[in-house]
Amino acid sequence: GAFLLPILSVILFLVFLAIPLIDPLRANIESFKKDYHRFILVIVLFLSLIHIQTLIWNLGTKISFNLTMPVLLGGLFFYLGDLLGKVKRNWFIGIRTPWTMSSDAVWDKTHKFGGWLFKAVGVLCVLSILLPINGIIIVIALIIVAALATVVYSYLAYRDLGLKGKKADKTEKKG
């Protein structure tokens, strides 16, 4: 167990390095390459902080995960919200629904909305530690609601742009 998160971090790091090489829309990933590399760093840092807390806990210093996880997840979601505004259409990073993948316009609208929503979830996650109940339950509920809201929003954006029933890829420039 002591090596699970470090091994997972290395595997994720390698997978994230391979993604730009195998993505059919790799040119779009190139357009936000600096932010993509920062994303890799943030994910590895997030997992490292969880691992450090686990080690500290097992060495006898009991720092409550009910306090740290909402803060860590809140920071992660706030960062992801910021990142969503910079991500261009690709097959691996972002809000990938059939509707966002079919149109750059739907992708951009959904990611603008999702970015705002994820930042709000991040702030609410951090604030959840102030509540007298277990904050992690609220964090999980917020994440589920945000995920569902972005999927519904992507469909609505697709429908509102009049793309329903049309081949959107043929009317837009491919990435």
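This write-up is about the structure you can find in this document. (Residues numbered from 1 in each chain as written. Predicted model: local features only at pLDDT ≥ 70, side-chain atom pairs only at ≥ 80, totals over all residues. Heavy atoms only, no water.)

### Some thoughts on the pattern of salt bridges
The cut-off we apply is this: Definition used for salt bridges: Asp or Glu carboxyl oxygen within 4 Å of a side-chain nitrogen of Lys or Arg. Only protein chains enter the accessibility calculation, which uses a 1.4 Å probe. A residue is then buried if its area is under 20% of the maximum for its type, exposed if over 50%, and partly exposed in between. To qualify as a helix, a DSSP run of H or I must reach at least 4 residues; to qualify as a strand, a run of E must reach at least 2; elements of each kind are numbered from the N terminus.
The full count for this structure, using the stated rule, is 7 salt bridges. A salt bridge links lysine 33 to glutamate 30; the shortest N-O distance between them is 3.9 Å. The partly exposed category is assigned to lysine 33, whose relative accessible area is 38%. The shortest N-O distance in the salt bridge between arginine 89 and aspartate 104 comes to 2.6 Å. You can see arginine 89 sitting in the loop between helix 4 (65-84) and helix 5 (98-101) and its partner aspartate 104 sitting in helix 6 (residues 104-127), a full 15 residues away along the chain. Owing to a relative accessible area of 6%, arginine 89 belongs among the buried residues under this scheme. If you follow the salt bridges from partner to partner, you end up with Asp35, Arg38, Asp82, Lys86 and Lys119 in one network.

### Observations regarding the packing of helix 3 (residues 33-58) against helix 4
Rule in force here: Every axis in this analysis is a line fitted to C-alpha atoms, fitted for helices over the stretch in contact. Angles between the N-to-C directions lie between 0 and 180 degrees. Roughly parallel means an angle under 35 degrees; roughly antiparallel means over 145; roughly perpendicular covers 65 to 115; every other angle is labelled oblique. Contacts were defined at the residue level, with two residues in contact if any of their heavy atoms lie within 4.5 Å. Asp, Glu, Lys and Arg are counted as charged, while Ala, Val, Leu, Ile, Met, Phe, Trp, Tyr, Cys and Pro are counted as nonpolar; the rest, among them Gly, fall into the polar class.
Close contact between helix 3 and helix 4 brings their axes to 11 Å; oriented N to C, the two are set at 180°. Accordingly, the angle class assigned to the pair helix 3 and helix 4 is roughly antiparallel. Where helix 3 approaches helix 4, its residues Asp35, Arg38, Phe39, Val42, Ile43, Phe46, Leu49, Ile50, Gln53, Thr54 and Trp57 are matched on the opposing element by Phe65, Thr68, Met69, Leu72, Leu73, Leu76, Tyr79, Leu80 and Leu83. For the contact of helix 3 with helix 4, the class distribution of residues is 15 nonpolar, 3 polar and 2 charged.

### A word on the packing of aromatic side chains
Selection criterion: Two rings from Phe, Tyr or Trp (for Trp, the six-membered ring) form a pair when their centres are within 6.5 Å of each other. A pair whose planes differ by under 30 degrees is stacked, one over 60 is edge-to-face, and the rest are tilted.
Under the counting rule described, the total for this entry stands at 8 aromatic pairs. When the centroid spacing of 5.2 Å and the interplanar angle of 45° are considered together, the rings of phenylalanine 77 and phenylalanine 118 count as tilted. With phenylalanine 77 in helix 4 and phenylalanine 118 in helix 6, this pair connects stretches of sequence that are 41 residues apart. Judged by its relative accessible area of 10%, phenylalanine 77 is buried. Classification of phenylalanine 118 by relative accessible area gives buried; the value is 13%. Aromatic pair tryptophan 99 and tyrosine 155: ring centres 5.3 Å apart, planes at 70°, arrangement edge-to-face. Placement of tryptophan 99 in helix 5 and of tyrosine 155 in helix 7 (residues 135-160) is noted, with a sequence separation of 56 residues between them. Joined through ring pairs, the aromatic side chains of Phe16, Phe32, Tyr36 and Phe39 make up one cluster.

### What about a nonpolar patch on the surface?
Let me state the cut-off plainly: Residues qualify for a patch when their relative accessible area is over 30% and they have no salt bridge, like charges being joined within 9 Å and the nonpolar side chains of Val, Leu, Ile, Met, Phe, Trp and Tyr within 5 Å. Shrake-Rupley sampling with a 1.4 Å probe provides the accessible areas, and residues are treated as covered by the protein chains on show and by no other component.
A contiguous nonpolar surface patch, about 390 Å² in accessible area, is contributed by Leu45, Leu49, Ile52, Ile56 and Ile63. Inspection of the secondary structure assignment puts isoleucine 56 in helix 3.

### Observations regarding the layout of surface pockets
One water molecule sets the probe size; rolling that probe over the atoms shows where empty space is left. Put simply, the rule reads: Grid points spaced at 1 Å and placed over the protein atoms alone form the basis of the search, with a cavity being a set where a 1.4 Å probe fits but cannot get out and a pocket an open set showing protein on both sides within 12 Å along at least five of seven lines. Lining residues have an atom within 4 Å of a point. Grid points are joined across faces, edges and corners, and a volume is the space filled by probe spheres set on the points.
If you add up the space inside the largest pocket, you get close to 350 Å³. Along its surface, the largest pocket is lined by 18 residues, and Leu80, Ile93, Gly94, Arg96 and Phe118 are the ones closest to its centre. Where the lining of the largest pocket is concerned, the elements lending two or more residues are helix 1 (4-22), helix 3, helix 4 and helix 7.

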